[in-house]
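# Examining the three-dimensional arrangement
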Number of protein chains: 2
Amino acid sequence: MALRSISEIRRLELKQAAFEVMQTEGVQGTTLEKVAQHAGAAKGIVLHYFKSKKQLFEHAMRHANSLLRDEVAARLRRAGSPSERLWAIIEGNFAPAFYCPPVCHAWLSLCAEVPRDRQLERIQHVIHRRMRSNLRSALAGLAPADEIDAIALGITTLIDGLWLRAGLQSGGFGQREALAQMNDYVRHRLGEEAMTGRSAELRALLADGKAVGGG
Amino acid sequence: MALRSISEIRRLELKQAAFEVMQTEGVQGTTLEKVAQHAGAAKGIVLHYFKSKKQLFEHAMRHANSLLRDEVAARLRRAGSPSERLWAIIEGNFAPAFYCPPVCHAWLSLCAEVPRDRQLERIQHVIHRRMRSNLRSALAGLAPADEIDAIALGITTLIDGLWLRAGLQSGGFGQREALAQMNDYVRHRLGEEAMTGRSAELRALLADGKAVGGG
DNA sequence: CAGTTTATTGACCAACTGGTCAATTCTTGA
DNA sequence: TCAAGAATTGACCAGTTGGTCAATAAACTG
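Residues numbered from 1 in each chain as written. Chains lettered and ligands numbered in written order. Predicted model: local features only at pLDDT ≥ 70, side-chain atom pairs only at ≥ 80, totals over all residues. Heavy atoms only, no water.

## Section: the protein's contact with DNA strand C
Put simply, the test is: We call a residue near a molecule or strand as soon as one heavy atom of that residue lies within 4 Å of the molecule or strand. N or O atoms within 3.5 Å of each other form a polar contact, as long as, within protein, one can give a hydrogen and the other can take it, and as long as residues adjacent in sequence are counted only when both atoms are side-chain atoms. Each helix corresponds to a stretch of at least 4 residues labelled H or I by DSSP, and each strand to a stretch of at least 2 residues labelled E; elements are numbered beginning at the N terminus. Residue classes follow a fixed rule: Ala, Val, Leu, Ile, Met, Phe, Trp, Tyr, Cys and Pro count as nonpolar, while Asp, Glu, Lys and Arg count as charged, and any other residue, Gly among them, counts as polar.
Around DNA strand C, 15 residues are found, and the nearest of them are Lys43 and Lys53 of chain A together with Arg10, Ala42 and Tyr49 of chain B. In DNA strand C, the atoms that sit within 4 Å of the protein are 62% sugar and phosphate, with bases accounting for the remainder. Within the contact set of DNA strand C, a phosphate oxygen lies 3.1 Å away from a backbone nitrogen or oxygen of leucine 32 of chain A. Between DNA strand C and lysine 43 of chain A there is a distance of 2.8 Å, counted from a base oxygen to a side-chain nitrogen or oxygen. Those elements that provide at least two residues to the surface near DNA strand C are helix 3 (43-49) of chain A together with helix 1 (6-29) and helix 3 (43-49) of chain B. At four residues, the largest contribution of residues to the surface near DNA strand C is made by helix 3 of chain B. Looking at the surface near DNA strand C residue by residue, the class counts come to six nonpolar, six polar and three charged.

Structure (structure tokens):
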């Protein structure tokens, strides 16, 4: 997608910068000054493109999530079978560009603001709804209808939990351990036939069959 | 445990007040003024008992967690079999006094500060270490040795994820749904023999065998 | 009771922050 | 070229916050 005006370029730069500052400073420590500086501009410019700090953060959250959404969508497009779709979702959520301590921390920090910002709450709600919808569609061919909701919830909860731990930045798990845990869950909850959709990279990464230990 | 001096009483009051303010305002919005007011005192008194705001928050986190720790410990004392110990841990983490949106939100908010406060990080580390140790000891009699770590990690991750969702305060799950999800995991990962340790209350709450849907 | 320690208060300060605004520079198109 | 509009800047403001401090009240002690 091409960026039409300078205005749109600047807006993109600024929300990107905001999210990057959040990765090290948290929402708490992300000031307009720091965002502007990180984008190589003066502070005033930020409020020229965004009505308020709150709105900047909301756009930053939306933008950051749209990258993850696109990552998953691209993998889903390449997936054929239900089990491939399932693993497209899971592997997309643990792609190195997203599942890393700084990004998880920024996301965690934004989550902590959700109860006090109705707009953030809406965004979060959309994210969860899309995740559930994706999972339901993939699971439809893999599990009895009356178990799909429980399994979808189990998977999203595990993903959330692993992201949370990664966001703590200590005692977190690397991509390998995280995917091994997802592996463990899916194998035991859905059975061997749900494992055929894993990518070759994932199989290689996990060196199949090994257990996953705690950190 | 009796509180010896007035000083200790005040300190307890203040960290309790701090945690309660966090439940509605988040770490970000918890100011010394608000904490003092919530404790019915003047702002100056807070810094008379705690060296700094950071230190107050650290003590508040420790205190809040010690309540949860005691809850689990009390249930563990009443537990006999490994499966009873397992469910003591799980049910303790979803006791109504702890697993509720305000408390989960305060905890979530504190987690978001972990990467920028080495002391909070240490506390978080101790919490996770205790959880893993408790789970390992309970699981030792329920699963093959080489699967224990994976299962312990799965359980803590699910608990973290469910707390996170509850902390978002919207789209969160009630105690019943959360425990149903833990039920689902343990039954499929450990088998029916691991289900005997559930309390009568939990069995009644779940009306056994029903699936858990997404919210 | 006198004196010493401890608890408590509220005024005060310096730093920071989000937001406003007038002035200036840059772009653009007729 | 030149005027109109957009982009950009930095000074400025008002409110808030963590933290300090001197003064006062209360509690304790010998």
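Here the narrative resumes, following the displayed structure.
## What about the pattern of salt bridges?
Here is the rule we go by: The term salt bridge refers to a side-chain nitrogen of Lys or Arg lying within 4 Å of a carboxyl oxygen of Asp or Glu. We call a residue buried when its accessible area falls under 20% of the maximum for its residue type, exposed when it is over 50%, and partly exposed in between, using a 1.4 Å probe and counting protein chains only.
Counted according to the given criterion, the structure contains 22 salt bridges over all chains. Where arginine 165 of chain A meets aspartate 160 of chain B, a salt bridge forms, and the shortest distance between an N and an O atom there is 3.8 Å. Separated into two different chains, arginine 165 of chain A in helix 8 (residues 145-168) and aspartate 160 of chain B in helix 8 (residues 145-168) make up a pair that spans both. Each member of the pair, arginine 165 of chain A as well as aspartate 160 of chain B, carries the same accessibility label: buried. Taken together, the shared-partner salt bridges connect Glu71, Arg75 and Glu91 of chain A into one network.

## Some thoughts on the packing of helix 7 (residues 118-139) of chain B against helix 8 of chain B
When two helices pack together, their arrangement is given by the angle between the helix axes and the distance between those axes. Residues and elements named next belong to chain B. For the record, the criterion: Helix axes use the C-alpha atoms of the stretch in contact, all axes being lines fitted to C-alpha atoms, and the angles between their N-to-C directions lie in the range 0 to 180 degrees. Relative orientations are named as follows: roughly parallel for angles under 35 degrees, roughly antiparallel for angles over 145 degrees, roughly perpendicular for angles from 65 to 115 degrees, and oblique for any other angle. What makes a crossing left-handed is the near helix being turned counterclockwise from the far one by less than a right angle; a clockwise turn instead makes it right-handed. Whether two residues are in contact is decided by their heavy atoms: any pair within 4.5 Å suffices.
Where helix 7 meets helix 8, the axes come as close as 9 Å, and the angle between the chain directions of the two elements is 130 degrees. Relative to helix 8, helix 7 is oriented oblique. In this structure, helix 7 meets helix 8 at a crossing whose hand is right-handed. Residue-level inspection shows His128, Met131, Leu135, Arg136 and Leu139 of helix 7 in contact with helix 8, the latter providing Ile148, Asp149, Ile151, Ala152, Ile155, Thr156, Ile159 and Asp160.

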